[in-house]
Amino acid sequence: MQRELEGLPGGLLTMGVSLTEPGLIPFEQTRREVETARDLGVVIATHTACIWGLPSGLDQFAHCGLLGADIVHVHCNACTEREWTLLARSEGKVSVTPETEMQMGMGHPPIRRAIDAGLVLSLSCDVVSGNSGDMFSQMRLGLQDARALDNERFHRRRTDPTELSFTTRDALQWATVNGARALGMDDRIGSLAPGRQADVIVVGPGNGRLNMLGLADPVGAVVQQADPSNVQAVLVAGRPVKRDGRLLDVDLARVSRMLDHSRDGVLERTLAAGPILPVAKPSFDDLAAGLLPNLNVP
């Protein structure tokens, strides 16, 4: 569903539905959420197979005919061979969050596995309260982890890698046009081409930064050396929203105050309910026992 919103760059806001963590709620609620999203004609995102000790719920999705190309499956680290087959048959999309997945014990981002299954593979950010929220970090971490995993086949033979399995251009594609493909919007955004919306990010060695001087390969420099401080300008649908390294029409002091107020409120409510960390560490079996009934198909 699209809504014309006055004042927004591009004039269009595409809506989507993020499912309420399948497996943590009764499956009937998940079914209603998926059906509502499809009635509205919007893209669906859901966290899939990121907890190794619990079923992913994909069998239940398949049994109820809920899988489809309009679902973006985030993570997928713990997917079994059968589940990868279900995703491939449904032509679903996969988005990995390299930094979150590696730090939160979800496992390696399944970049190679998703690509081998013929799925659209994109990058995203998750849990930005605990790690970075920029795509430069996700490109770099995702690329290097995928390369390291492929290199292991050489290391197991006590030899050294003789080829690169993924290139910096691959990583840039995961972060740009593949994100647009996952949302079903690659005919409008995600690439610089005639007829596309004029969304432009200008990255360069300006602003007094030294990390991108002496460029030889622009794509390699963006993926391997750049960080958010190197973003000089941003245009959304042709409208400048950042220029000379500064956001336009944004009251940063007010934003800072709002964030501080939000942080203080979250901490106050959390501490009022008890300590931030549990006094007694619950076992995973105890946690799983309470969640497994939610996967039952009505």
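Structure's up top.
Fair warning: this is a prediction, and the values are worked out from it, not measured in the lab.

(A) Geometry of the overall build of the protein. Per the secondary structure count, the protein includes 11 helices and 11 strands. In terms of C-alpha radius of gyration, the protein reaches 21 Å, essentially the compact-globule figure of 19 Å for 298 residues. Reported as C-alpha extents along the three principal axes, the dimensions of the protein are approximately 55 × 55 × 45 Å. When the 298 residues of the protein are sorted by exposure, 35% land in the buried category. Taking all contacts inside the protein whose residues are at least 6 apart in sequence as the whole, residues at least 24 apart take part in 62%. Of the roughly 17100 Å² of accessible surface on the protein, a fraction of 56% belongs to carbon and sulfur atoms. In the protein, which carries 29 positive and 36 negative side-chain charges, the distance between the mean positions of the two groups comes to 3 Å.

(B) Structural view of the side chain of Asp150. Structurally, Asp150 is set in helix 6 (residues 135-155). A polar contact of 2.5 Å, which involves the side chain of Asp150, links it to the side chain of Arg112. Excluding its chain neighbours within four sequence positions, the residues that come into contact with Asp150 are Arg112, Ser165 and Phe166.

(C) Structural detail: the nonpolar core. In this structure, Phe61, Trp84 and Val94 are the most contacted members of the largest nonpolar core, which totals 40 residues. The element that contributes the greatest number of residues to this core is helix 6, accounting for four residues. When residues no more than four places from it in sequence are discounted, the contact partners of Trp84 are Cys76, Cys79, Val94, Pro110, Arg113, Ala114, Ala117 and Leu119.

(D) Looking closely at the state of the cysteines. Throughout the structure, instances matching the rule amount to zero disulfides. Cysteine Cys76 remains unbridged, with the sulfur of Cys79 as its closest cysteine sulfur at 4.3 Å. For Cys76, a relative accessible area of 0% puts it in the buried group.

How each quantity is defined
- Residues numbered from 1 in each chain as written.
- Predicted model: local features only at pLDDT ≥ 70, side-chain atom pairs only at ≥ 80, totals over all residues.
- Heavy atoms only, no water.
- Helix = DSSP H or I, 4+ residues; strand = E, 2+ residues; numbered from the N terminus.
- Rg over C-alpha atoms; globule rule 2.2 N^0.38 Å.
- Buried < 20%, exposed > 50% of the residue type's maximum accessible area, 1.4 Å probe, protein only.
- Contact = heavy atoms within 4.5 Å.
- Areas by Shrake-Rupley, 256 points an atom, 1.4 Å probe, with all protein chains shown as cover.
- Lys, Arg positive; Asp, Glu negative; His and termini not counted.
- Charge placed at Lys NZ, Arg CZ, Asp CG, Glu CD.
- Polar contact = N/O pair within 3.5 Å; in protein donor to acceptor, adjacent residues only side chain to side chain.
- Core = buried A, V, L, I, M, F, W, Y, C linked by side-chain atoms within 4.5 Å.
- Disulfide = S-S within 2.5 Å.

By themselves, these are just geometric observations and shouldn't be taken as functional.
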